[in-house]
Amino acid sequence: MCSSKRATSPQIYDALVVKREDGTDVIAEVQQHLGNNWVRAVSMAATDGLRRGMKAVATGGPITVPVGEATLGRLFNVIGERSTGRVR
């Protein structure tokens, strides 16, 4: 769950970014509005290191992944990060 001080909460399916203390990002997708500028979101990665009160930034749009010639034969995770190696 995350709280927003903005006048409006992020839309359902919008992506949120939470920065861990080690500098890495956790991407989450808004699933439900709970009222009082709180939302419930599903994380796309492990949530180790997250705690209450951490800042969540709305991206203003859904999670997107790259498409096109450059992506053919490559593996990507659910948030579009390229995996090492190449599929033959």
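Residues numbered from 1 in each chain as written. Predicted model: local features only at pLDDT ≥ 70, side-chain atom pairs only at ≥ 80, totals over all residues. Heavy atoms only, no water.

Right, let's talk about the confidence of the model for the protein chain for a bit. With 86% of its residues at a pLDDT of at least 70, the protein chain reaches an overall mean of 86. Model confidence for the protein chain, summarised as mean pLDDT per element, is weakest for strand S1 (residues 2–3) at 58 and strongest for strand S2 (residues 14–19) at 96. (pLDDT = per-residue confidence, 0-100. Helix = DSSP H or I, 4+ residues; strand = E, 2+ residues; numbered from the N terminus.)

Once that is clear, we can look at the pairing of strand S3 (residues 25–35). Judged from the 5 bridges that link them, S2 and S3 form a sheet pairing that is antiparallel. Note on S3: the bridge partner recorded for Lys-19 is Asp-25. Taken together, the 6 bridges between S3 and strand S4 (residues 38–43) define a ladder with antiparallel strand orientation. Bridge pairing links Ala-28 to Ser-43 in S4. Between the end of S3 and the start of S4, which pair antiparallel, lie 2 residues, with Asn-36 showing a positive phi angle near 55°. (Pairing = 2+ DSSP bridges.)

Another point: the environment of Pro-62. Its place among the elements puts Pro-62 in strand S5 (residues 56–62). Along the chain, Pro-62 and Ile-12 lie 50 residues apart, while their C-alpha atoms are 8.6 Å from each other. In this view, Pro-62 contacts Tyr-13, Asp-14 and Ala-15; residues no more than four positions away in its chain are not counted. (Contact = heavy atoms within 4.5 Å.)

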